[in-house]
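# Residue-level structure breakdown
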Amino acid sequence: MATSPRAAPPPAVAPARAPIDLLPEGTGVVVSAASVRHVLRVVDVAALIGTYRPYYDQAAAYLEQGLGHNLLDPGRWPEIGVDPDRPVGGALLDAGSGSMCLFITLSDPQRFRQFLDRVGMKLGGDLESVYEDRGIVLGQESNAKTSLVLRDDFAFIVMVDNPSLAPHDFARELASVDPARGLTASPRWQQALGPAARDVVAFVDVARMMRAELEAQRRQGEPSPSWAEQELQRLREQGGSAEEIARWQQVADEQRAAEAQHRERRQRERELWSAVFGPLGPIVFELSLGPQAIAGTARAQAPESSLLRRALGPSGAPPPALMAASERVLFGTGGRFDVAEGIAALDALLRADGKSVEALFADIQRNLGGEPRAAVEMLDGTVSFAVTTRDVSALVTAEGRSSLGFNLTLGFTNVVAAEALVAVTMAKLPGSPLGLAGLKVKRGKGRSHVVTWPQWRDVHVALVGSTLTISTDPKFAANVERAPAKPWAPRQAQAAPVVTAPAGATLLLDHALLLATFMAGAAGERYTPAQNQPYWRFPAVAHAAIEGVPESAAYRARLKEWQRLDAKIDRAEKAQARERMALAVAAADSLGSIALHVRETDDGLMTEGGQYFGPGGLARTIERVIEGLTTSGRDGDYSVHEQRGRVEQELQEIRVRDIERALRVRAAE
């Protein structure tokens with residue numbers, strides 16, 4: 001129901017310069033782009049439209065017919081009063097209630113309001129003014145989950161997932177707030193950010209979001225009775241039997257215990273997040289957008305006593321697992337860390353899952369012997385790791401997993417102790433519970449070892465000075481000892497300064513790794529008719545008895561025909577899979593990689609880097625993904641599937657008759 005405007009106008013305040021000036025002071029997350037045109041810099045829109053012109057024209061015509069404007073073209077947004085050259089973005093207003101908003105900048109507020117009225121009439125859902133102050137709140141009813149706020153030269157779409165948990169009405173706050181009391185005027189914003197000049201600015205206050213979630217839980221109060229407790233109460237009130245009441249009492253007790261365990265786990269997780277992010281100020285992202293990269297910085301103020309600063313060591317050399325690689329690096333990371341603080345951080349992480357670092361050490365000791373904690377305390381904190389591949393094109397074949405490898409380096413404080421630790425571990429590994437069937441350890445050159453891994457690559461273990469190297473690449477240890485003739489470099493030249501710079505920690509992610517992960521999970525045994533025994537036709541017969549009936553000659557004859565048809569389908573499916581995966585590899589090359597490094601600043605931490613695109617950039621990635629999706633089922637001969645289905649039905653009937661004769665039973669219809 002609409003409410004009347006206020007009798008007296010509110011006191012005048014200076015108009016907001018940007019939509020973020022109107023956000024509430026307690027806002028937890030903000031992402032603001034300089035304009036939609038800035039966002040579109042990352043993709044060659046003209047090339048995509050040219051490739052899919054018929055689809056674009058069809059969609060544009062549909063919008064013209066339905067809304068009167070082609071909103072796919074930002075150049076035409078002024079026709080409805082929207083400015084494509086000024087800020088757009090979104091914000092998480094309150095984490096506890098799931099309150100958020102999207103915002104745009106208007107070139108003509110009156111024209112935009114007229115557009116809304118026209119669309120509302122066509123859709124049969126007029127927007128009414130439900131509140132007026134310095135701005136107007138529009139909605140189909142008061143206190144709706146979704147509403148629209150028009151204020152100054154800006155429009156906000158406000159969405160509230162759970163209004164009962166919201167601390168106040170955010171739509172009304174946006175319509176009435178004084179910009180001098182909003183988020184950008186607050187000390188926490190100004191201390192964290194200051195004037196922003198990048199294409200995209202994001203503000204993430206993790207500590208504020210955690211507090212908002214706790215406040216929402218307090219507002220929610222005690223949880224309502226579970227379905228089991230409700231059923232138990234109903235039985236008691238209606239005089240249920242003692243057996244029923246006892247059974248439902250057990251269900252209710254088990255449910256209460258599970259809920260208590262969930263609450264305890266959530267509490268441990270909150271404690272972990274509080275320990276990691278509680279001391280930090282808001283995290284500020286400042287990004288520049290372009291066709292070659294989305295790159296910039298993320299920084300946060302953090303006291304020296306914070307867990308992240310205590311755990312992160314001083315900036316050091318680039319990770320050897322990357323710099324000494326002679327294969328393509330799909331994922332790489334490394335840095336220098338404080339060992340004692342690292343153990344404490346690992347313990348906090350494990351305790352969030354109900355475990356502990358002591359239990360982990362005990363498990364390692366049972367499997368390998370020795371003193372795991374003492375071994376870890378011998379580390380100097382330098383570590384690097386990389387997932388590699390000899391040939392990324394092999395990822396599209398059945399042997400893709402065998403092309404994957406890794407590099408690992410660990411720095412030790414005591415060379416003699418490290419040599420002893422390696423010797424003891426290599427001696428115990430084959431006979432330990434961790435040893436796989438067929439795993440063997442032999443001596444390599446010098447004091448190195450070679451671990452033969454069944455159905456995979458050999459793993460080479462060697463000490464280079466005080467650095468332990470473990471790798472599937474036989475050249476890796478030598479490359480660590482002396483720079484290789486052909487130094488490793490990231491595939492995207494723009495990422496090189498990020499991963500090769502001295503830093504506290506470094507990360508590289510080649511998007512081809514996502515393909516490798518997919519391929520590893522996609523493998524599986526092919527279905528056979530023997531897996532589909534007709535158990536439902538013999539409900540009174542034990543499954544083992546049915547499975548024990550031998551296959552008759554008639555069954556085996558038709559099974560050969562099924563196998564012939566299935567092999568034909570398998571060949572066609574594998575050919576399509578190879579084509580799709582080749583396109584996926586090409587798409588990964590165009591998408592490029594993510595490269596980041598972290599270092600300490602005078603007042604906190606800073607991350608630099610971003611997403612770096614390969615040849616063709618994001619536009620070519622999209623084209624290849626679409627091409628890969630449309631390849632599925634293209635030019636397929638589904639008549640073979642129909643033939644195989646008919647043969648399988650015949651096999652089922654033959655199998656039923658064989659079971660009837662062998663077990664002297666009658667099949668159910």
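Starting afresh in each chain, residues are numbered from 1 along the sequence in its written order. Reporting of local features is limited, given that this is a predicted model, to residues whose pLDDT is at least 70; pairs of side-chain atoms are given and counted only at 80 or more, and all residues count toward the totals for whole chains, interfaces and linings. Remark: hydrogens and water are excluded; side-chain values derive from all non-hydrogen atoms of the structure.

On a plain count of helices and strands, the protein comes out with 23 helices and 20 strands. In terms of principal-axis extent, the alpha carbons of the protein reach across some 90 × 75 × 70 Å. A simple rule labels every residue: compare its accessible area, found with a 1.4 Å probe on the protein chains alone, to the largest value its type can have, and call it buried under 20%, exposed over 50%, or partly exposed in between. Taking all 669 residues of the protein together, 41% fall into the buried category. Working rule for contacts: check all heavy atoms of both residues, and any pair within 4.5 Å makes them a contact. Taking all contacts inside the protein whose residues are at least 6 apart in sequence as the whole, residues at least 24 apart take part in 69%. Helix and strand labels come from DSSP, where a helix needs a run of H or I of at least four residues and a strand needs a run of E of at least two; each type is numbered from the N terminus.

A few words now on the nonpolar core. By nonpolar core is meant a set of buried Ala, Val, Leu, Ile, Met, Phe, Trp, Tyr and Cys residues that side-chain atoms within 4.5 Å join together. One finds Leu23, Cys101, Val149, Phe156 and Val158 to be the most contacted residues of the largest nonpolar core, which totals 31 residues. For this core, the secondary-structure elements that each account for two or more residues are β2 (88–94), β3 (99–105), β4 (128–132), β7 (154–160), α5 (170–176), α6 (187–192) and β8 (200–204). Once you skip the residues sitting within four places of it in the chain, Phe156 turns out to touch Pro19, Leu22, Leu23, Cys101, Leu102, Phe103, Ser147, Leu148, Val149 and Leu174.

What follows concerns the packing of helix α8 (residues 227–237) against helix α9 (residues 242–277). In this analysis, axes come from line fits to C-alpha atoms, helices being fitted only over the stretch in contact, and the angle between any two N-to-C directions falls in the range 0 to 180 degrees. It is the contact of α8 with α9, at a shortest axis distance of 8 Å, that shows an interaxial angle of 155°. Between α8 and α9, the angle falls in the class roughly antiparallel. Read as a crossing pair, α8 and α9 show a hand that is left-handed. From α8, Trp227, Ala228, Glu229, Glu231, Leu232, Leu235 and Arg236 reach across to α9, where they touch Glu244, Ile245, Trp248, Gln249, Val251, Ala252, Gln255 and Arg256. Throughout this entry, Asp, Glu, Lys and Arg are counted as charged residues, while Ala, Val, Leu, Ile, Met, Phe, Trp, Tyr, Cys and Pro are counted as nonpolar. The remaining residues, Gly among them, count as polar. Residues belonging to the contact of α8 with α9 are distributed by class as follows: 8 nonpolar, 2 polar and 5 charged. Just so you know how the angles are binned, under 35 degrees is roughly parallel, over 145 roughly antiparallel, 65 to 115 roughly perpendicular, and the rest oblique. It is the rotation of the near helix from the far one that decides the hand of a crossing: anticlockwise by less than a right angle makes it left-handed, clockwise makes it right-handed.

This brings us to the pairing of strand β15 (residues 449–452). In this structure, strand β14 (residues 440–443) lies alongside β15, joined through 4 bridges in antiparallel fashion. Counted as the bridge partner of Lys440 is Thr452 from β15. In this antiparallel pair of consecutive strands, β14 and β15, the connection spans 5 residues, and Gly446 shows a positive phi of 60°. In short, DSSP must find at least two bridges between two strands for them to pair. With 3 bridges connecting them, β15 and strand β16 (residues 459–464) associate as antiparallel partners. The residue of β16 that forms the bridge with Val451 is Val459.

The subject of this paragraph is helix α16 (residues 415–428). Across its 14 residues, α16 extends 20 Å between first and last C-alpha, which sits within 8% of the 20 Å expected from 1.5 Å per residue. At its buried positions, α16 is contacted by β13 (404–412), β14, β15, β16 and β17 (467–471). The N-cap of α16, judged by a side-chain oxygen 3.0 Å from the amide nitrogen of Val416 a few residues on, is Asn414. By definition here, a helix of n residues has an expected span of 1.5 Å times n minus one. Think of a polar contact as two N or O atoms within 3.5 Å of one another; within protein, one of them needs to be a possible hydrogen donor and the other a possible acceptor, and neighboring residues in sequence only count if both atoms come from side chains.

Below, the discussion takes up the environment of Gly504. Along the chain, the position of Gly504 falls in the loop between α18 (496–500) and β18 (505–510). Taking relative accessible area as the criterion, Gly504 reaches 0% and is therefore assigned buried. The sequence separation of Gly504 and Gly75 amounts to 429 residues, and the corresponding C-alpha distance is 45 Å. Excluding residues that lie within four positions of it along the chain, Gly504 makes contacts with Leu312, Gly313, Pro314, Ser315, Gly334, Gly335, Arg336, Val598 and Arg599.

Here we come to the packing of aromatic side chains. Here is the rule: rings of Phe, Tyr and Trp (six-membered ring for Trp) pair when centre to centre is within 6.5 Å. Planes less than 30 degrees apart are stacked, more than 60 are edge-to-face, and the remainder are tilted. Throughout the structure, instances matching the rule amount to 8 aromatic pairs. For the ring pair Phe103 and Phe156, a centre distance of 6.0 Å and an interplane angle of 55° mean the geometry is tilted. Linking Phe103 in strand β3 with Phe156 in strand β7, this pair joins segments that are 53 residues apart in sequence. Accessibility assignment for this pair places Phe103 and Phe156 in one class, buried. Chaining the aromatic ring pairs together yields one cluster made of Phe385, Phe406, Trp453 and Trp456.

Quick look at unusual backbone geometry now. One non-glycine residue, Asp152, lies in positive phi territory at about 55°. Note on placement: Asp152 falls in the loop between β6 (146–151) and β7. Looking at Asp152, the relative accessible area reads 31%, which means it is partly exposed.

In this section: the pattern of salt bridges. Counted as salt bridges are all cases of a side-chain nitrogen of Lys or Arg within 4 Å of a carboxyl oxygen of Asp or Glu. Taken as a whole, this structure holds 40 salt bridges when the rule is applied. For the salt bridge of Arg53 with Asp57, the shortest nitrogen-to-oxygen distance reads 3.3 Å. Residue Arg53 and its partner Asp57 are located together in helix α3 (residues 53–67), separated by 4 residues, close to a single helical turn. We classify Arg53 as partly exposed; its relative accessible area is 39%. On the accessibility criterion, Asp57 (36% relative accessible area) is partly exposed. A salt bridge links Glu327 to Arg457; the shortest N-O distance between them is 2.6 Å. Here the residue Glu327 occupies a position in the loop between α11 (320–323) and β11 (328–336), and Arg457 occupies one in the loop between β15 and β16, the gap between them amounting to 130 residues. A residue is classified by how much of its surface remains accessible, and Glu327, at 13% relative accessible area, is buried. Taking the relative accessible area as the measure of exposure, Arg457 reaches 7% and is therefore buried. Through salt bridges that share partners, Arg526, Asp566, Asp570, Glu573, Lys574 and Arg644 make up one connected network.

What follows covers a nonpolar patch on the surface. In this scheme, patches are assembled from residues that exceed 30% relative accessible area and form no salt bridge. Like charges are connected within 9 Å, while nonpolar side chains (Val, Leu, Ile, Met, Phe, Trp, Tyr) are connected within 5 Å. Reported accessibility uses the Shrake-Rupley method at a 1.4 Å probe radius. Residues are deemed covered only where the shown protein chains occlude them. Taken together, Leu346, Leu349, Leu360 and Ile364 make up a surface patch of nonpolar side chains, about 300 Å² in accessible area. Structurally, Leu346 is set in helix α12 (residues 339–351). In this structure Leu346 comes out as partly exposed when scored by relative accessible area, which is 33%.

The contact between helix α21 (residues 553–591) and helix α23 (residues 639–663) brings their axes to 9 Å, and the two run at 155°. Regarding the angle of α21 to α23, the classification is roughly antiparallel. The element α21 and its partner α23 pack so that their crossing is left-handed. Contacts between α21 and α23 pair Ala554, Tyr555, Arg558, Leu559, Glu561, Trp562, Leu565, Asp566, Lys568, Ile569 and Glu573 from the former with Val640, His641, Gln643, Arg644, Val647, Glu648, Glu650, Leu651, Ile654, Arg655 and Asp658 from the latter. When the residues that make up the contact of α21 with α23 are grouped by side-chain class, the tally is 10 nonpolar, 2 polar and 10 charged.

Moving on: the pairing of strand β1 (residues 29–33). Judged by how many residues are buried, β1 sits mostly within the fold: 4 of 5 residues are covered. In the sheet, β1 pairs with β8 via 5 bridges, with the strands oriented antiparallel. Of the residues in β8, the one forming a bridge with Ser32 is Val201. Where β1 lies against β2, 5 bridges are found, and the strand directions are antiparallel. Bridge pairing in β2 links Ser32 to Gly89.

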